[in-house]
Structure formats: structure tokens, C-alpha cells
Amino acid sequence: MGLLDTEFGKRRLLSVEVPAIEKYNEGRDAEFKIFLNRVGGTLVLSYLLKPCHNIYRLETRLLSSYPTVPPETRVLTPLKHCPHLLEGQTMCLWRQGSTRAVSRWDPAKFTCVFALQAAWRWLVCYEIWHDTGEWPLPEAK
Amino acid sequence: MAHIFQVGAGSGGIVVLDAVARDERVDRITLIEPDVYAPHNVHRHLFPLSAAGRMKADLAAEWIKGLRPELKVDAIQADLTDPALHSMLHALAAECDLGVCAVDNEAAKFAFDSLMRGVGKPWTLGEVLSGGIGGWIHRFAADGPCYGCVASHLQRTVAEEPSAPAPDYANPQAAIAETRIPASKASISTIASLQAVMTLDVLANDATNLDFTSLLFTLARVPGVFEDAYRSYRFRIAKSAACLICSSIPAPAAGEDLDVALDQALARLGHE
């Protein structure tokens with residue numbers, strides 16, 4: 001679909017994603033704001049999250065095929081190897097056809113900021129897992 | 001005479017293609033299909049084991065040319081979601097009268113929806129439920145709900161699949177166990193045939209009188225899911241005002257101004 005090179009993609013960015021990011025950034029401390037950069041045909045959101053005690057640096061990539069294809073989020077801060085962490089410290093967040101609404105990427109309802117909130121939830125689970133050895137959410141079905 | 005633009009020539013797509021291509025009103029078919037015909041396709045497809053290794057698009061094109069040699073068939077081995085092909089696919093879709101979507105992955109369905117809405121053409125979609133317990137047939141019009149509206153409305157909350165085994169996170173490159181229960185050739189053909197019927201209705205403009213956008217047809221009784229086999233349920237799904245894909249959220253600019261506005265937004269939000 002070409003996020004950055006089709007009218008559909010540009011309209012989606014300007015009417016949905018950019019306003020959502022600006023709303024998220026509104027009144028937020030500068031270091032916790034989302035920064036948005038173009039890398040080739042991809043848009044990269046760079047941000048910090050502090051779900052509990054620790055601060056993590058992350059990036060969420062909106063690929064050229066976004067929003068049809070879900071965003072990819074990876075943690076740049078080194079993590080201990082854990083469940084739900086894929087190659088390159090990419091978070092396992094979405095599952096096609098999942099029966100759990102928040103585990104199934106829905107381009108008609110979700111914006112890139114929802115992906116960031118999903119990352120926040122994932123990091124909370126990570127911290128609990130780190131302390132207890134238990135991932136507090138069941139596998140997505 | 002009509003030009004059909006179809007994506008997918010798998011076990012369902014080939015049934016739709018076979019039925020639609022036989023209709024005398026159809027004189028041209030453009031088929032998009034990226035896959036190679038594999039030995040495991042044989043038990044649910046038209047082609048023999050000896051065809052394994054060949055492109056499905058080529059096999060399908062030969063099949064329908066064998067039925068109607070006068071038909072103009074363009075078989076294109078391509079992935080619908082490949083952004084590099086967007087312009088070419090858009091041009092092909094613009095030339096068609098009707099689209100047929102016969103793929104089973106969400107990204108391709110959204111991509112096809114975007115393509116068809118972009119050119120303002122109607123299209124149909126068939127979806128076989130896991131295990132072949134039934135299936136959906138949807139029809140879309142340029143001014144109606146998009147696939148996002150339909151998928152969000154239906155929410156896909158029916159849990160008819162067994163729990164998936166946990167992925168092996170220590171070995172991310174390992175093969176992932178298939179959790180989807182394969183449907184039988186018979187159930188796939190039934191749903192695909194219904195899609196073909198609806199496609200031909202749309203072609204004849206008979207579908208404008210239908211009072212539903214989506215048809216669910218059950219093929220098995222599944223406790224807690226379907227009370228009976230062989231029942232149909234009709235749904236009239238409306239365009240969602242909150243849909244982020246097709247709702248008319250005004251963009252702040254149009255044409256070249258869109259690029260300027262996007263550059264300004266990226267400059268505002270980018271790293272210094």
C-alpha cells in the first residue's frame with residue numbers, strides 16, 4: 001500500500017497517526033515524547049517507556065505496508081532472554097486471527113500509539129517475569 | 001463483457017475462478033497469485049501431483065484457457081502486499097469491472113480492499129472457517145463498509161480452534177506448529193461456489209437488491225458455535241463512522257500539499 005508514497009498512506013498518517021502521536025506527546029516530559037523519523041520507506045517511532053521501575057528505550061517501525069501489516073516494536077535496551085521476545089529483541093505482540101481483541105492487530109481501530117501501549121503492557125509482564133519467573137498473561141489464542 | 005480481477009488461486013480461489021471463467025459475460029481475467037503448487041496442495045486442488053513445482057498462476061491460467069480459449073487471461077506471479085507493485089496493481093484494478101478476493105491472510109485482504117476502494121470497484125470475498133465448519137461470503141461496494149469495518153464488526157471471536165502450543169522463544173527461527181485445522185476440499189468448494197454465485201450476481205447487478213452484505217453458511221454442527229449444519233445467517237454490516245481505514249476523517253491537505261503537510265509533520269516530530 002505504500003505508507004509514504006501513496007495518497008492512502010499519506011492521508012492515514014496525516015489524519016490518524018500524526019494527530020495520535022501529537023496527542024500522546026502533549027504535556028509529556030520531553031524525554032518521554034515520541035520522535036518520528038523516516039528511514040527509507042519506513043517510519044520509526046523512537047521513545048522511552050517506564051512501566052514500573054526501569055526505563056526502556058524502544059522503537060516501533062511502521063513498515064511500508066502499515067497499517068495492513070502491524071507495526072514492529074523492538075526494545076533497544078538489553079533484556080534478559082524471556083518468553084514473547086523474538087529475534088532482535090522484537091516483541092511478540094500480535095497474532096493474526098487471535099480471539100483476544102488486543103492480541104489481534106486491527107488497522108480499522110488501532111493507531112501506532114496503541115502499539116506503544118501494547119509495548120508498555122509487554123514490559124510490565126517482562127518485569128513481573130523477571131522477578132517471579134511467571135509471565136502474567138496467557139498465550140494469545 | 002466483463003473483466004474480473006482475482007487474487008488467489010488456492011484451493012478456494014481455483015473453484016471461484018473455474019466457475020466465474022465459464023460465464024459468457026466474462027471475457028478477461030487478471031489473476032494475481034504468488035505461490036508455487038506444492039505436493040501438499042494436491043488433495044485440495046484441481047491439479048495432479050505432476051504439476052507440483054509449477055506456479056499456481058500459470059496452472060490456473062492454463063486451466064481456464066482450456067475451458068474457454070477465447071478468454072484473455074493475464075496470470076501474474078506477485079504478492080499483493082508488495083508495496084513496489086502498488087502502481088501496477090492499481091492500474092490493473094482500475095481496468096477491471098469486479099474483484100474477487102480468495103486469499104486467507106489478513107494483510108492481503110486489507111491490501112485488496114484498499115486497491116478496490118481506490119479504484120471504486122465492487123468485489124467479493126470468501127472465507128472458510130477453520131476445520132471447514134462453515135464460511136463467510138462478503139460483498140463490498142465502493143461506498144459501503146470496507147474490509148476493516150467488516151472484520152472489526154465480526155471481531156472473529158469464535159474460538160473453534162484448539163489452544164496453540166507455546167512458540168519456542170529460544171529458537172525464533174524454528175518452524176511454528178500449525179494450529180489451524182485444515183478444511184476439507186468439499187467444504188472449501190462449497191463456500192467458494194457460494195462466492196462464485198455472489199460474484200456473478202454482483203456482475204449482473206442483481207446483488208444491489210440483496211438486503212445483506214455478509215452471508216455466513218454453516219457446514220457442521222459445533223456445540224457452542226453453530227447449532228445446526230447447513231444454516232445461513234445474513235448480516236447487514238454498516239460502514240463504521242469510527243473506522244480508521246474508510247471513515248471520512250478529513251486530511252489537512254490534498255495533492256502536492258499532502259507531501260508538504262507530511263514533511264512539516266515529520267519535521268515537527270523528528271529528532272533534532
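Residues numbered from 1 in each chain as written. Chains lettered and ligands numbered in written order. Predicted model: local features only at pLDDT ≥ 70, side-chain atom pairs only at ≥ 80, totals over all residues.

K.L.:
Explain the overall build of chain B to me, please; I cannot follow it from the model alone.
P.N.:
Of the regular secondary structure elements, chain B holds seven helices and eight strands. Taken across its 272 residues, chain B has 39% of its residues classed as buried. Considering only residue pairs separated by 6 or more positions, chain B has 65% of its internal contacts joining residues 24 or more positions apart. (Helix = DSSP H or I, 4+ residues; strand = E, 2+ residues; numbered from the N terminus. Buried ≥ 20, exposed ≤ 12 C-beta atoms within 10 Å, placed from the backbone. Contact = placed C-beta atoms within 7 Å.)

K.L.:
What is the right way to look at the pairing of strand 2 (residues 26-32) of chain B in this model?
P.N.:
Side-chain direction in a regular strand flips from residue to residue, so the side chains alternate between the two faces of the sheet. Residues and elements named next belong to chain B. Taking burial as the measure, the seven residues of strand 2 include five buried ones, the bulk of the element. Strand direction decides the pairing type here: strand 1 (residues 2-7) and strand 2, joined by six bridges, are parallel. Bridge pairing links Ile4 to Ile29 in strand 2. After leaving strand 1, the chain enters helix 1 (residues 13-21) and then returns to the sheet as strand 2, a path that is right-handed. In terms of strand pairing, strand 2 meets strand 3 (residues 72-76) through five bridges, oriented parallel. From the neighbouring strand, Ile32 faces strand 3, where its bridge partner is Ile76. With helix 2 (residues 56-67) bridging strand 2 and the parallel strand 3, this β-α-β connection has right-handed handedness. (Pairing = 2+ DSSP bridges. Right-handed = clockwise from strand over helix to strand, strands pointing away.)

K.L.:
Help me understand the sheet that holds strand 8 (residues 232-235) of chain B in this model?
P.N.:
The strands making up a sheet are joined through hydrogen bonds of the backbone, oriented either antiparallel or parallel. All names here are of chain B. Judged by pairing direction, the sheet is mixed, and its eight strands sit side by side in the order 3-2-1-4-5-6-7-8 without closing on themselves. Bordering the open sheet on either side are strand 3 and strand 8, each of which pairs with just one other strand. Between one strand axis and the next, the sheet turns by 15° as a mean value, whatever way the strands run. Strand direction decides the pairing type here: strand 4 (residues 98-101) and strand 5 (residues 123-128), joined by three bridges, are parallel. Paired with Cys101 across the strands is Leu125, a residue of strand 5. In the packing of helix 2 onto the sheet, contacts are made with strand 2 and strand 3, and the angle to strand 3 comes to roughly 170°. Across the face of the sheet, helix 6 (residues 185-203) comes into contact with strand 1, strand 4, strand 5, strand 6 (134-140) and strand 7 (214-218) while running at roughly 170° to strand 5. (Axes fitted to C-alpha atoms, helices over the stretch in contact; angles between N-to-C directions.)

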